[in-house]
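Here are the chains, one letter per residue:
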Amino acid sequence: MERIKMSTPLVEIDGDEMTRILWADIKRELLEPFVELKTEYYDLSLPERDKSGDQITVDAANAIKKYGVGVKCATITPNAQRMEEYKLHEMWKSPNGTIRAMLDGTVFRAPILVKGISPVVKNWKQPITIARHAYGDVYRATEMRVPQGKAELLFTDLDGKETRATVYNFECPGVLSAQYNKDSSIRSFARSCFQYALDTRQDLWFSSKDTIAKKYDGTFKSIFQEIYEADYKEKFEAAGITYFYTLIDDAVARIIRSKGGMIWACKNYDGDVMSDMVSTAFGSLAMMTSVLVSPDGNYEFEAAHGTVTRHYYRYLKGEQTSTNPMATIFAWTGALKKRGELDGLEELVRFGEKLEKAAIDTIEAGTVTKDLAALWEGETPATAVNTADFLAAIRRRLEQ
Ligand SMILES: NC(=O)c1ccc[n+]([C@@H]2O[C@H](COP(=O)([O-])OP(=O)(O)OC[C@H]3O[C@@H](n4cnc5c(N)ncnc54)[C@H](O)[C@@H]3O)[C@@H](O)[C@H]2O)c1
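Residues numbered from 1 in each chain as written. Predicted model: local features only at pLDDT ≥ 70, side-chain atom pairs only at ≥ 80, totals over all residues.

Participant: When you look at the site of the ligand in this model, what are you seeing that I'm missing?
Facilitator: By nearness alone, 17 residues border the ligand, and Thr77, Ala286, His305, Gly306 and Asn324 come closest of all. Class assignment of the residues belonging to the shell around the ligand gives a composition of five nonpolar, nine polar and three charged. (Near = placed C-beta within 6 Å. Nonpolar A, V, L, I, M, F, W, Y, C, P; charged D, E, K, R; others polar.)

This is the structure:
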């Protein structure tokens with residue numbers, strides 16, 4: 001059989017632990033037999049990041065900016081215990097954080113739906129994609145615990161002119177927090193959301209609390225509206241999709257009662273909380289895909305889960321594991337489809353679709369990894385298999 005050829009390299013970003021093992025297995029079993037993979041490879045495993053002083057992460061992000069599409073394996077974000085375990089020179093920052101900052105991108109997370117595993121919310125029939133603005137707000141707030149006294153907000157402009165506002169006259173001890181965000185970051189967030197909604201032909205919802213935070217959340221609301229009117233309204237109408245703004249409490253109520261099928265753009269904290277709620281309600285973190293989209297149209301596809309450390313330690317002892325490779329497979333198919341779309345390679349796009357279908361069909365026919373067996377509600381009982389057997393079952397379908 002002739003393998004599918006690629007024209008532009010895909011930026012391939014390898015990672016750590018169990019997902020690194022999955023990575024190689026997926027390539028060997030499901031990709032290389034069918035596609036002549038053309039990738040520019042970056043090894044972001046923790047030892048390589050340490051060896052390069054984390055330069056490799058910066059290089060990988062620049063490669064995505066150059067070629068436009070990347071696929072990333074899960075990586076360890078070091079903590080004190082990892083410093084010891086890997087004898088690191090420094091506690092390197094989260095690679096995802098570094099890449100996201102360099103691409104100025106927004107992360108879109110969506111579940112993979114299969115028959116036999118139903119969302120806790122019974123009326124959810126289509127994926128709900130959460131877009132989280134991962135900059136500022138409470139994550140970069142300046143906090144204080146204060147005794148009795150007067151708290152003020154003071155701003156000094158470039159000419160030295162001061163603007164003051166009283167926050168509160170504390171008659172007893174209390175707490176204070178000052179948050180900020182930047183128009184430039186909000187604009188990038190809005191553009192990434194509008195762009196991704198068009199790409200995937202899904203309605204875009206954005207929610208905040210502008211009735212209370214009139215200036216803070218009001219700025220988010222008006223920037224979204226302004227960019228929509230100026231650059232996207234006509235394109236959305238032509239694509240038959242809508243942009244909809246509502247208050248966060250109203251959004252929650254509507255989302256719960258909806259059929260799904262929309263992108264829900266959230267401010268930083270809302271996105272942090274809602275993405276965990278939505279992924280849990282859809283079933284499993286192992287069935288959650290993630291794509292980082294920059295406002296100028298660069299894409300990095302990955303699984304939303306981590307490196308599955310517990311399975312890796314068992315793997316190192318020579319045990320078989322039943323790690324779910326779905327999200328990592330979908331990271332690859334997402335990237336290959338996008339590469340195919342950008343390069344006009346219809347065959348590559350179709351291969352991505354076929355691989356996704358083979359993977360979903362395998363589960364729907366009752367062959368699942370252990371994590372899914374626990375959630376299974378199909379009519380006939382499911383068979384839980386190890387990762388190797390699961391990949392082999394997908395391959396058999398793909399070959400057919
Ligand atoms: N995107 C990323 O690169 C990313 C994201 C999160 C965590 N991490 C890293 O991953 C490491 C482990 O973190 P963690 O344990 O908090 O997160 P994790 O996602 O690896 O695991 C969380 C839980 O979900 C289960 N799980 C996750 N994916 C699974 C899969 N594919 N199949 C079966 N079960 C699965 C695990 O067994 C565990 O119980 C940490 O070092 C962390 O820094 C990386």
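Participant: Looking at this model, I keep getting lost on the nonpolar core. Mind explaining?
Facilitator: Proteins that are soluble and globular tend to have nonpolar side chains buried together. Ranked by size, the top nonpolar core spans 90 residues in total, and within it Cys193, Leu204, Ile263, Trp264, Ala265 and Ala327 carry the most contacts. No other element matches helix 11 (residues 326–343), which puts eight residues into this core. In this view, Ala327 contacts Ala286, Met287, Met288, Thr289, Ala303, Ala304 and His305; residues no more than four positions away in its chain are not counted. (Core = buried A, V, L, I, M, F, W, Y, C linked by C-beta atoms within 7 Å. Buried ≥ 20, exposed ≤ 12 C-beta atoms within 10 Å, placed from the backbone. Helix = DSSP H or I, 4+ residues; strand = E, 2+ residues; numbered from the N terminus. Contact = placed C-beta atoms within 7 Å.)

Participant: Got a minute to help me understand helix 5 (residues 95–103) in this structure?
Facilitator: Among the residues making up helix 5, those that are buried are Pro95, Asn96, Ile99 and Leu103. An end-on view of helix 5 places all buried positions within 100 degrees of arc, on one side of the element. Contact partners of the buried residues in helix 5: helix 2 (46–51), helix 3 (55–67), strand 15 (288–293) and strand 16 (299–303). One or two positions beyond helix 5, positive phi appears at Asp104, with a value near 55 degrees. (Arc of directions from axis to C-beta.)

Participant: What is the right way to read the pairing of strand 12 (residues 203–208) from this model?
Facilitator: Side-chain positions along a regular strand alternate between the two faces of the sheet. With five of six residues buried, strand 12 is to be regarded as a mostly interior element. Taken together, the four bridges between strand 12 and strand 14 (residues 262–266) define a ladder with parallel strand orientation. Residue pairing across strands places Phe206 opposite Ala265, the latter belonging to strand 14. Relative to strand 13 (residues 243–247), strand 12 runs parallel, the two sharing five bridges. When the bridges of strand 13 are listed, Trp205 appears paired with Phe244. In this region the chain leaves strand 12, passes through helix 7 (residues 216–239) and returns to the parallel neighbour strand 13; the handedness of that crossover is right-handed. (Pairing = 2+ DSSP bridges. Right-handed = clockwise from strand over helix to strand, strands pointing away.)

Participant: Mind showing me how you'd approach the sheet that holds strand 4 (residues 39–43) here?
Facilitator: Paired through backbone hydrogen bonds, the strands of a sheet run either parallel or antiparallel to each other. Here ten strands make up an open sheet; going across it, the order is 4-2-5-16-15-6-7-14-12-13 and the pairing mixed. Looking at the sheet topology across the chains shown, the edges are occupied by strand 4 and strand 13. When the angles between neighbouring strand axes are averaged without regard to direction, this sheet yields 20 degrees. With respect to the sheet, helix 8 (residues 248–257) is in contact with strand 12, strand 13 and strand 14, its orientation differing from that of strand 13 by roughly 115 degrees. (Axes fitted to C-alpha atoms, helices over the stretch in contact; angles between N-to-C directions.)

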